[in-house]
Number of protein chains: 2
Amino acid sequence: GVKAKHGVQRRIKKGRIESSSHAAHGGDDNESEDDPDNGGGAERQREHPFIVTEPGEVARGKKNGLDYLFHLYEQCREFLVQVQNIAKEKGEKCPTKVTNQVFRFAKKSGASYINKPKMRHYVHCYALHCLDEEGSNALRRAYKERGENVGAWRQACYKPLVTIAARQGWDIDAIFNSHPRLSIWYVPTKLRQLCHAERSAAVAVATGSTTVGGGNDAGGVGHLLF
Amino acid sequence: GVKAKHGVQRRIKKGRIESSSHAAHGGDDNESEDDPDNGGGAERQREHPFIVTEPGEVARGKKNGLDYLFHLYEQCREFLVQVQNIAKEKGEKCPTKVTNQVFRFAKKSGASYINKPKMRHYVHCYALHCLDEEGSNALRRAYKERGENVGAWRQACYKPLVTIAARQGWDIDAIFNSHPRLSIWYVPTKLRQLCHAERSAAVAVATGSTTVGGGNDAGGVGHLLF
DNA sequence: CGCACGGGCGACCAGCGGACGGTGAGCTT
DNA sequence: AAGCTCACCGTCCGCTGGTCGCCCGTGCG
């Protein structure tokens, strides 16, 4: 099922003391020095949370903006290219996607602010940015204006992508693969499921089957659960 | 390194009592009934070993021929296509290669004579058959005439492939990927290593470096270890 | 028949793609 | 200062791709 847990589930945390050593932050410049705990040898342990920003807008306070988020995807692409060049030189298997190996390489290269869970979490947001920058920008402005949080904006990014998939024969994998910047990212499971569910609903309407799924026009994800 | 073992190595076997149930054998028809143990309910537990046969030749006795071997690769391709169709229908990730999932599907479909270690073992032999059928046929005839065993023939299949790679800029992955029947198979590690080693040697000769590697003409793998 | 050869394939492993949810940063009151 | 919201990312898990070598089928003397 969509949300089926694995066989067993245990998540016991240990304490966390990090000793990495880097300073690079990237995109935005909110490196305010008013933090009283930032003097000794302790580096920032977590990135500032993202907030919904308009295109070109720099996040204020202890936040990062969405331009910075998308910049992280470009950085990952550059790290992938480096990993590919090294692999080719050594005659080893050459990755075509951003794999664990690439995340490890990024970390080793000092980009400790890049990590797999974060990048995978926002892949579909980056996809929208790649495939329909105008639409992506409009969505950012709308969600910023409404004062929505990042989670709500992130959820909202699914719907326009499903609409795009509908126009392209529902093949979200083909859509990702045919875009040069997007093709290196795995299609998120949830996006694939949404496309499949909406395609099934569209087929049902066209067939005239008598099941669930009201008469939603092109592009409506409507009542589908996330 | 080329032959580096994993961290630990343990291989303790249990007894083997199988209870599978199928009858299909495939290609060749050497289903001779002179085996006195073949009457009750015990099915064949292992496939007959391969022998080097000429194109079109049916293996005699309790052996399988190379046409049958190559036929197995075609069957795997058909199983992959089925797995892909099912995945697409269910909106799940669609494999582009012959994966564990495909081997599992083949077994479930009654083709219990197909298994991963065997198919991976002979991939490069199949590759030669796909890329240069004339050359492959000539090699088979030569090794059959000399009375060589399957292992020797299998080893000999590497060299002509390296020669082909040399002509195509040493990119063995591109060679596999651009052939419709071959593109669904992973490039064997050993073949990739041989191509890399030979390319390095060729570059060294062209550069005039003073290292190992005598003046071997085009296509000689020569002294390289397998 | 018994023995030696050689190769089929069960079973193993490091590491992968994928996911969850506990800390704890950060804002509001 | 205290509280409480929410999201970052450490850590887990079912498998994958890849491999080794045991076991036994097989042919020969």
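Structural data are supplied above this passage.
The structure reproduced in this document is the subject of the present report. (Residues numbered from 1 in each chain as written. Chains lettered and ligands numbered in written order. Predicted model: local features only at pLDDT ≥ 70, side-chain atom pairs only at ≥ 80, totals over all residues. Heavy atoms only, no water.)

Digging into the interface of chain B and chain A
Then, in step 1: Taken together, the contact between chain B and chain A spans 10 residues of the former and 10 residues of the latter.
Then, in step 2: For the pair chain B and chain A, the two sides together bury roughly 800 Å², of which 43% comes from carbon and sulfur.
Then, in step 3: Where chain B packs against chain A, one counts two salt bridges.
Then, in step 4: Where chain B meets chain A, there are four residue pairs in polar contact (both at pLDDT 80 or more). (Contact = heavy atoms within 4.5 Å. Buried area = accessible area lost by both parts, 1.4 Å probe. Salt bridge = Lys/Arg side-chain N within 4 Å of Asp/Glu carboxyl O. Polar contact = N/O pair within 3.5 Å; in protein donor to acceptor, adjacent residues only side chain to side chain.)

What to know about the packing of helix α1 (residues 66-90) of chain A against helix α4 (residues 123-131) of chain A
Residue and element names in this part refer to chain A.
Then, in step 1: Here α1 crosses α4 at 90°, and the two axes come no closer than 10 Å. In terms of orientation, α1 and α4 fall into the roughly perpendicular class. Between α1 and α4, the contacting residues are Phe70, Tyr73 and Glu74 on the first element and Val123, Cys125, Tyr126 and His129 on the second.
Then, in step 2: Along the lines of polarity and charge, the residues of the contact of α1 with α4 split into five nonpolar, one polar and one charged. (Axes fitted to C-alpha atoms, helices over the stretch in contact; angles between N-to-C directions. Helix = DSSP H or I, 4+ residues; strand = E, 2+ residues; numbered from the N terminus. Parallel < 35°, antiparallel > 145°, perpendicular 65-115°, else oblique. Nonpolar A, V, L, I, M, F, W, Y, C, P; charged D, E, K, R; others polar.)

Here we look at the pattern of salt bridges
Charged atoms that come close allow side chains of opposite charge to pair.
Then, in step 1: As enumerated under the stated definition, the model contains 18 salt bridges over all chains in all.
Then, in step 2: A:Arg140 is the partner of A:Asp67 in a salt bridge, and the nearest nitrogen-oxygen pair spans 2.9 Å. With A:Asp67 in helix α1 and A:Arg140 in helix α5 (residues 133-145), the pair connects residues that are 73 residues apart, well separated along the chain.
Then, in step 3: Residue class for A:Arg140 comes out buried when judged on its relative accessible area of 1%.
Then, in step 4: Of the charged contacts, one joins B:Glu57 and B:Lys144 as a salt bridge, the two residues approaching to 3.0 Å between their closest N and O atoms. Of this pair, B:Glu57 sits in the segment before α1 (66-90) while B:Lys144 is found in helix α5 (residues 133-145), placing the two residues 87 residues apart along the sequence.
Then, in step 5: Each of the salt bridges in this network shares a partner with another, and the network as a whole consists of A:Glu54, A:Glu57 and A:Lys144. (Buried < 20%, exposed > 50% of the residue type's maximum accessible area, 1.4 Å probe, protein only.)

From the geometry alone we can't say anything about function, so treat these as descriptive.
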